Amino acid sequence: MRTEQARLASGDVTTVRLNSTDNAVSFDTDALVVGVHTGPDGPRPAPGTESVDEALGGRLAATLGAMGVKGRAGEIAKFPTFGALTAPLLVVVGLGDAPEGDHDPETLRRAAGTATRSLAGTTRVALALPAADAERAGAVALGGLLGAYAFTAYRTTGEHAAPVAELTVLSGAGAGDAGAAIERAATVAESVSLVRDLVNTPPSDLWPARFAEIAEQTGSKAGLSVEILDEKALKEEGYGGIVAVGQGSANPPRLVRLAYNHPEAAKTVAFVGKGITFDSGGLSLKPSASMDWMKSDMGGAGAVFGALVAIAKLGLKVNAVGYLCLAENMPSGTAQRPSDVFTSFAGKTVEVLDTDAEGRLVLIDGIARAGQDNPDVIVDIATLTGAQIVALGWRTAGVMANDDELREEVVQAAGEQGEAAWGMPLPEELRKGLDSPVADIANLHPERFGGMLTAAVFLREFVPAGVRWAHIDMAGPAFNKGEPHGYTPKGGTGAITRTLIGLAERYAG
Ligand code: BES
Ligand code: MN
Ligand code: ZN
């Protein structure tokens, strides 16, 4: 019996507020952040930096040029103000070549994130980036908050700089009433940070029952109703896929159902997340190099959980249900064997030819169960295949669907939130390769190529009849193995959480 508590979140909280002053020069803060564009004649300070430039004797552009700053996205330069501004430190972040007055929200998010990420250790940061309207002010706030994220729960030395504590978005007068946008940003950032914490938490501290407990506590506090099915209930009620994947682990599986209802809702969205708290591959064991980051294999369930919490806090006029399909995929004497057959929740039998293709086995039970909620749409989210990374790289999720319009809608929702996603097909001819000599279907396609698509073709077989369904494969985007960039840290990214929130907003009245 496990009793230890996961060390979620370090207690570091970044707050954000709005200030509509036009006077960045005398704003009382520890670091003032402004933007710079690339230009044909060298760096071009962004709109809103005029008064700052004046206070520096009109030398901002020339100084940046002398420092070799071009104004490219991702660039950052810091310099002391020697009393010319109230802030002792001026931070300049690149915005690329965006035409004047037309700043893409994602550019602003990334610039704000680059600034706060590299200002860890600074208490108060004011962001005077060009936010021409409420949406852009919200983007600056969100990027700033996400860039300030740090996972310090397991650090003991105190040598790591604390994240920025207080963010102020200096919106200027032009942004109108950005209060609601800032509030939304804070809610969204809180959910994304929660997902990042869950992904980053070592699997020794996050097993299915523990994840379910966290979902229960945090979910009900946010106003969600939470139901948890334990291994006994899962067996009795016929969740054969979740049971089969979970049976090899000393930490038994769970299915969590989170529900949010709005009395005036006209539509219901259902989200289903892959929640493998650790994927060793099972008896079809992974090589070590592929295994050491498989704590991130619950990122889909994390995104569903984070999105449901945000949807409830935002009070969206929609009904939303979320399913967390939680299991630990381990090899043992009780583990499922390649060639085992189970009966899924939908009633179809599945031959398990590869125990490392486990995500699809837990998802089909969640997808079939979601059908009972009569949703207008089912979207599943999963770190499903290495083939996604082969096809689209680390940062772009693949979107597949049984409905072309829905697929495009999901891709669009992702784009609106600044998350990269790309539509992919479900070619008919791939179904045949999933034929099993003994069961209704096999979980492995003999062809390695198009592995992201064959996984989705497998899932499609279990979608309740007549229901619009989309599948998001985010094996790469869920976890950043490389260097931090923009507002994205190393490790858990919280990917697709924002896309799901954006989708729910689209279905809200
Ligand atoms: N969790 C993995 C997929 C994955 C790979 C996620 C890399 C994140 C990064 C999944 O369960 C898996 O093992 N998929 C197999 C499927 C194969 C056996 C058909 C894969 O992609 O190799
Ligand atoms: Mn696997
Ligand atoms: Zn997996």
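Residues numbered from 1 in each chain as written. Chains lettered and ligands numbered in written order. Predicted model: local features only at pLDDT ≥ 70, side-chain atom pairs only at ≥ 80, totals over all residues. Heavy atoms only, no water.

Enquirer: Is there a simple way to explain the coordination of the manganese ion (ligand 2) in this structure?
Expert: For a metal bound by four donors in tetrahedral geometry, the ideal donor-metal-donor angle is 109.5 degrees, whereas six donors in octahedral geometry ideally sit at 90 or 180 degrees. For the manganese ion (ligand 2), the full set of protein donor atoms is D279 (OD), D356 (O), D356 (OD) and E358 (OE), at a range of 2.0 to 2.2 Å. Here the manganese ion (ligand 2) binds six donor atoms, and the angle range of 72 to 169 degrees at the metal identifies the geometry as irregular. Along the chain, the residues that donate to the manganese ion (ligand 2) are spaced as D-x76-D-x1-E. Separating the manganese ion (ligand 2) from the zinc ion (ligand 3) is a gap of 3.2 Å, which D279 spans by donating to each of them. (Donors = N, O, S within 2.8 Å, 3.2 Å for Na, K, Ca; no water. Tetrahedral: all angles 85-135°; square planar, octahedral: opposite > 155°, others 65-115°.)

Enquirer: Is there a simple way to explain the nonpolar core in this structure?
Expert: Buried together is how nonpolar side chains tend to be arranged in soluble globular proteins. Ranked by size, the top nonpolar core spans 98 residues in total, and within it F271, F305, L324 and L500 carry the most contacts. A per-element tally of this core places helix α10 (residues 299–314) first, with ten residues. Two domains each donate at least three residues to this core, and these are domain 1 (2–183) and domain 2 (201–507). When residues no more than four places from it in sequence are discounted, the contact partners of F271 are V304, L308, I311, V321, G322, Y323, V379, I381, L500 and L503. In this structure, V245, L361, A370 and A382 belong to the second largest nonpolar core, which totals 48 residues. (Core = buried A, V, L, I, M, F, W, Y, C linked by side-chain atoms within 4.5 Å. Buried < 20%, exposed > 50% of the residue type's maximum accessible area, 1.4 Å probe, protein only. Helix = DSSP H or I, 4+ residues; strand = E, 2+ residues; numbered from the N terminus. Domains from an automatic or database assignment. Contact = heavy atoms within 4.5 Å.)

Enquirer: Could you clarify how one ought to interpret the site of ligand 1 in this entry?
Expert: Close to ligand 1 lie 17 residues; K286, D297, D356, E358 and G386 are nearest. D279 is positioned such that a nitrogen or oxygen atom in its side chain is 2.9 Å from an oxygen atom of ligand 1. About the coverage of ligand 1: the protein hides 81% of its 520 Å² of free accessible area. Of all the secondary structure elements, the ones that give two or more residues to the shell around ligand 1 are β10 (268–279) and α12 (386–392). Looking at the shell around ligand 1 residue by residue, the classes come out as six nonpolar, three polar and eight charged. (Near = heavy atom within 4 Å. Polar contact = N/O pair within 3.5 Å; in protein donor to acceptor, adjacent residues only side chain to side chain. Areas by Shrake-Rupley, 256 points an atom, 1.4 Å probe, with all protein chains shown as cover. Nonpolar A, V, L, I, M, F, W, Y, C, P; charged D, E, K, R; others polar.)

Enquirer: Which parts of the structure should I look at to understand the domain arrangement of the protein?
Expert: Buried accessible area, meaning the area lost when the parts come together, often serves as the stated size of an interface. Parsing the protein into structural domains produces domain 1 (2–183) and domain 2 (201–507). Contacts between the two partners involve 19 residues from domain 1, matched on the other side by 18 residues from domain 2. Between domain 1 and domain 2 lies a buried interface of about 1600 Å² when both sides are counted; carbon and sulfur atoms form 54% of it. Between the two partners, domain 1 and domain 2, sit zero salt bridges. Put simply, domain 1 and domain 2 have five residue pairs in polar contact (both at pLDDT 80 or more) between them. For the side of domain 1 that touches domain 2, the secondary structure elements donating two or more residues are α3 (105–117) and α4 (134–147). Per-class residue counts for the side of domain 1 that touches domain 2 are seven nonpolar, five polar and seven charged. (Buried area = accessible area lost by both parts, 1.4 Å probe. Salt bridge = Lys/Arg side-chain N within 4 Å of Asp/Glu carboxyl O.)

Enquirer: So what exactly am I meant to see when it comes to the packing of helix α5 (residues 179–200) against α10 here?
Expert: For any two helices packed against each other, the geometry comes down to the angle between their axes and how far apart the axes lie. At their nearest, the axes of α5 and α10 sit 9 Å apart, and the two run at 155 degrees to each other. Relative to α10, the element α5 lies roughly antiparallel. Relative to α10, α5 is oriented so that their crossing is right-handed. Contacts between α5 and α10 involve R184, T187, E190, S191, L194, V195, L198 and V199 from the first element and G299, G302, A303, F305, G306, V309, A310, K313 and L314 from the second. Across the contact of α5 with α10, the residue classes tally to nine nonpolar, five polar and three charged. (Axes fitted to C-alpha atoms, helices over the stretch in contact; angles between N-to-C directions. Parallel < 35°, antiparallel > 145°, perpendicular 65-115°, else oblique. Left-handed = near helix turned anticlockwise from the far one by under 90°.)

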